[in-house]
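# Close look at the chain arrangement
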Number of protein chains: 2
Amino acid sequence: MEFAQTPEPPYTAVIFTSLRTDGDDGYAETSARMAELAARQPGLLGIESARDGLGITVAYFRDEASARSWKQVTEHREAQRLGRDRWYRAYRVRVATVTREYGWERP
Amino acid sequence: MEFAQTPEPPYTAVIFTSLRTDGDDGYAETSARMAELAARQPGLLGIESARDGLGITVAYFRDEASARSWKQVTEHREAQRLGRDRWYRAYRVRVATVTREYGWERP
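All values reported here derive from a predicted model rather than from experimental measurement. (Residues numbered from 1 in each chain as written. Chains lettered and ligands numbered in written order. Predicted model: local features only at pLDDT ≥ 70, side-chain atom pairs only at ≥ 80, totals over all residues. Heavy atoms only, no water.)

## Focus on the overall build of chain A
- When helices and strands are tallied, chain A shows three helices and four strands.
- A globule of 107 residues ought to have a C-alpha radius of gyration of about 13 Å, and chain A, at 14 Å, matches this closely.
- Here the C-alpha coordinates of chain A stretch approximately 40 × 30 × 20 Å along the principal axes.
- Per-residue burial for chain A yields a buried fraction of 44% across its 107 residues.
- Only carbon and sulfur atoms are counted for the fraction: they give 49% of the accessible area of chain A, which is about 5,700 Å². (Helix = DSSP H or I, 4+ residues; strand = E, 2+ residues; numbered from the N terminus. Rg over C-alpha atoms; globule rule 2.2 N^0.38 Å. Buried < 20%, exposed > 50% of the residue type's maximum accessible area, 1.4 Å probe, protein only. Areas by Shrake-Rupley, 256 points an atom, 1.4 Å probe, with all protein chains shown as cover.)

## Comments concerning helix 3 (residues 74–87) of chain B
Residue and element names in this part refer to chain B.
- Given a rise of 1.5 Å per residue, 14 residues ought to cover 20 Å, and the 19 Å separating the end C-alpha atoms of helix 3 matches this to within 8%.
- Here helix 3 has its buried residues at His76, Ala79, Leu82, Gly83 and Trp87.
- Residues of helix 3 that are buried in the fold lie against strand 1 (11–20), helix 1 (27–39), helix 2 (64–72) and strand 4 (88–105). (Expected span 1.5 Å × (residues − 1). Contact = heavy atoms within 4.5 Å.)

## Observations concerning the UniProt feature "domain: ABM" (unreviewed entry) in chain A
- In the numbering used here, UniProt assigns the feature "domain: ABM" (unreviewed entry) to residues 10–81 of chain A.
- Secondary structure over residues 10–81 of chain A splits into 42% helix and 38% strand, and the C-alpha atoms at its two ends are 31 Å apart. (UniProt positions renumbered as here; feature names shortened; annotations may be inferred.)

## Section: the packing of helix 1 of chain B against helix 3 of chain B
All names here are of chain B.
- The contact between helix 1 and helix 3 brings their axes to 11 Å, and the two run at 155°. With respect to helix 3, the axis of helix 1 lies roughly antiparallel. By crossing handedness, the relation of helix 1 to helix 3 is classed as left-handed. Contact with helix 1, carried on its side by Tyr27, Thr30, Arg33, Met34 and Leu37, involves Glu75, His76, Ala79 and Trp87 of helix 3 and no other residues of that element.
- Here the contact of helix 1 with helix 3 is composed, by residue class, of five nonpolar, two polar and two charged. (Axes fitted to C-alpha atoms, helices over the stretch in contact; angles between N-to-C directions. Parallel < 35°, antiparallel > 145°, perpendicular 65-115°, else oblique. Left-handed = near helix turned anticlockwise from the far one by under 90°. Nonpolar A, V, L, I, M, F, W, Y, C, P; charged D, E, K, R; others polar.)

## Regarding the relation of the copies chain A and chain B
- Take chain A, turn it by 180°, move it 0.0 Å along the axis, and it overlays chain B with an RMSD of 0.0 Å. Expressed as a symmetry operation, the mapping of one chain copy onto the other fits a two-fold axis.
- Of the interface residues in chain A, 100% have counterparts in chain B that sit at the interface too, so the contact is made through matching surfaces. (Least-squares fit on C-alpha atoms with pLDDT ≥ 70 in both.)

## What about the pattern of salt bridges?
- Under the criterion given, the structure shown has 18 salt bridges over all chains.
- A salt bridge links Arg81 of chain A to Asp85 of chain A; the shortest N-O distance between them is 3.4 Å. Residue Arg81 of chain A and its partner Asp85 of chain A are both found in helix 3 (residues 74–87); the two are separated by four residues, about one turn of the helix.
- By relative accessible area, which is 38% here, Arg81 of chain A ends up partly exposed.
- Because the salt bridges share partners, they merge into one network encompassing Glu48 and Glu101 of chain A together with Arg92 and Arg94 of chain B. (Salt bridge = Lys/Arg side-chain N within 4 Å of Asp/Glu carboxyl O.)

Rendered as structure tokens:
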């Protein structure tokens, strides 16, 4: 797992937090397919993801319009529907504009 | 683990992604202390956190000034120094303004 390589701000972050249902029920397969599809999405800069109990995925986009386009991709919309049917107990989506970024790496 | 209870946007999100060193070396204790300290920080709205390999913590604040105040708290600054000394291989901080939020919960 790596950091997303993001450019100088501003850019858009979509923070998706979720609580899962029990069991896999096709989740891993669809999740991998969505990662593959997202990687080809114009304007997607990178994705960071972690789960222990609460899941947090942050998807970074060039701008809000790119984020909105990804939300509307037909196969992704179908995955969102399956998410509500099967995989999630609850989720929240927060769309944000990144204004500052800095980092540190062990020398 | 629960969702942060955040108000109507706009508000500020600080997205902290990190890669840990091996071992605990006092991390759990300081981490708990920082959560306790943060809970009393004016303007902090909530925190969401997950780790598997990559760690992602998102702290939500009323505004950028509140986020900056928390960064400057003496005991927190000391924890940041220890973080670079001991606990992290690398981290990134992204400060963002949340402009939209929506959610879903299983009926």
